[in-house]
Amino acid sequence: MLAYSLGDGVQLRDLEAWHAPEFFAAVDGARDYLRPWIPFATKVTDVVTARELLQRFAVFRAEDTGRMYGIWVDGKLCGGTLFKDFNAHMGVCEVGVWLVPEAAGRGLVNKAVKVMARWAFQERGMHRIEWLCDPANERSIAAAQRLGMTVEGVQRGSWMLNGERKDTMVFALLATDPVTWIRD
Ligand SMILES: CC(C)(COP(=O)(O)OP(=O)(O)OC[C@H]1O[C@@H](n2cnc3c(N)ncnc32)[C@H](O)[C@@H]1OP(=O)(O)O)[C@@H](O)C(=O)NCCC(=O)NCCS
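The text that follows walks through the structure, step by step, so that each part is easy to find. (Residues numbered from 1 in each chain as written. Predicted model: local features only at pLDDT ≥ 70, side-chain atom pairs only at ≥ 80, totals over all residues. Heavy atoms only, no water.)

Turning to its location among the elements, Asn 110 is positioned in helix 5 (residues 108–123). There is a polar contact of 3.0 Å between the side chain of Asn 110 and the side chain of Lys 114. In this structure, Asn 110 is in contact with Arg 146 and Leu 147, ignoring residues within four places of it in sequence. (Helix = DSSP H or I, 4+ residues; strand = E, 2+ residues; numbered from the N terminus. Polar contact = N/O pair within 3.5 Å; in protein donor to acceptor, adjacent residues only side chain to side chain. Contact = heavy atoms within 4.5 Å.)

Here's what the structure looks like:
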């Protein structure tokens, strides 16, 4: 994928190591908004750490175990989506999402995840896409529900963020779920 149009000047593209300065600028500008929910909002502190993260995902892409995409609005990086994990053998993957606050509320993540999910289901034959979030993250929960994902439960005390132990709410979408956009 070089660039996939999501309409209205919005593009979904691979987010690669050479985007590190742009990625750092987007994260840095949205740090307070992202930090309660997204580990990289703490870990990406400069262009070097931004590049390190993108390079790690370049390795995941080469291994077919993860992928990172960016969402550009009128040429500006405004967020992204990722396969945090991609297990082609098991047919199970996990999607992650983030936006700068100015880009939220426009359905951008909704459109981007649909593109990724159709690719995962239709082209890669995946069976299950997971969406994990903090039960306190209302916007993330709403975004998962808007996609037709099913809530499966809460894993108590299952991860740490910024030194705090957190629960994880688990959503998933299966290739066999009666969600029409999967088959568009
Ligand atoms: C979670 C997050 C990505 C959700 O962003 P979002 O823009 O609300 O998500 P969606 O793409 O589903 O867009 C839905 C919003 O766009 C609106 N919208 C406009 N056009 C739309 C369309 N064509 N399709 C769907 N929604 C559309 C919806 O009405 C909704 O607006 P509302 O929130 O005012 O009700 C964002 O809040 C974020 O980045 N948060 C911080 C990081 C984070 O928490 N990441 C998730 C970690 S698990």
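Here the narrative resumes.
Ordered by their spatial adjacency, eight strands build an open sheet running 1-2-3-4-5-6-8-7, and the pairing between neighbours is mixed. The open sheet is flanked by strand 1 (4–7) and strand 7 (150–161), the only strands paired with a single partner. Strand-to-strand twist of the sheet, defined as the mean angle between neighbouring strand axes without regard to direction, takes the value 25°. Bridge analysis of strand 1 against strand 2 (residues 10–14) gives three bridges, and the strand direction is antiparallel. Bridge pairing links Tyr 4 to Leu 12 in strand 2. Against the sheet, helix 4 (residues 47–63) touches strand 2, strand 3 (67–73) and strand 4 (76–87), its axis set at about 125° to strand 3. (Pairing = 2+ DSSP bridges. Axes fitted to C-alpha atoms, helices over the stretch in contact; angles between N-to-C directions.)

Let us now look at the packing of aromatic side chains. Under the counting rule described, the total for this entry stands at eight aromatic pairs. Taking 5.6 Å as the distance between ring centres and 85° as the angle between the ring planes, the aromatic pair formed by Phe 40 and Trp 98 counts as edge-to-face. Placement of the pair is Phe 40 in helix 3 (residues 40–43) and Trp 98 in strand 5 (residues 92–99), with a sequence separation of 58 residues. Assessed through its relative accessible area of 3%, Trp 98 is described here as buried. When the centroid spacing of 5.0 Å and the interplanar angle of 80° are considered together, the rings of Phe 57 and Phe 60 count as edge-to-face. Placement of both Phe 57 and Phe 60 in helix 4 is noted, with a separation of three residues, approximately one turn of the helix. Over the ring of Trp 72 we find Arg 13; its NZ or CZ atom is 4.2 Å from the centre of that ring. (Phe/Tyr/Trp six-rings, centres within 6.5 Å; stacked < 30°, edge-to-face > 60°. Buried < 20%, exposed > 50% of the residue type's maximum accessible area, 1.4 Å probe, protein only. Lys NZ or Arg CZ within 6 Å of the ring centre and 35° of its normal.)

The local shell around the ligand holds 22 residues, among which Leu 99, Gly 105, Asn 137, Arg 139 and Arg 146 are the closest. Within the backbone of Leu 99, a nitrogen or oxygen atom sits 2.9 Å from an oxygen atom of the ligand. In this structure, an oxygen atom belonging to the ligand sits 2.7 Å away from a side-chain N or O atom of Arg 146. Residue assignment for the shell around the ligand shows that the elements contributing at least two residues are helix 2 (31–34), strand 5, helix 5, strand 6 (128–133) and helix 6 (138–146). In the shell around the ligand, the residues fall into 13 nonpolar, five polar and four charged. (Near = heavy atom within 4 Å. Nonpolar A, V, L, I, M, F, W, Y, C, P; charged D, E, K, R; others polar.)

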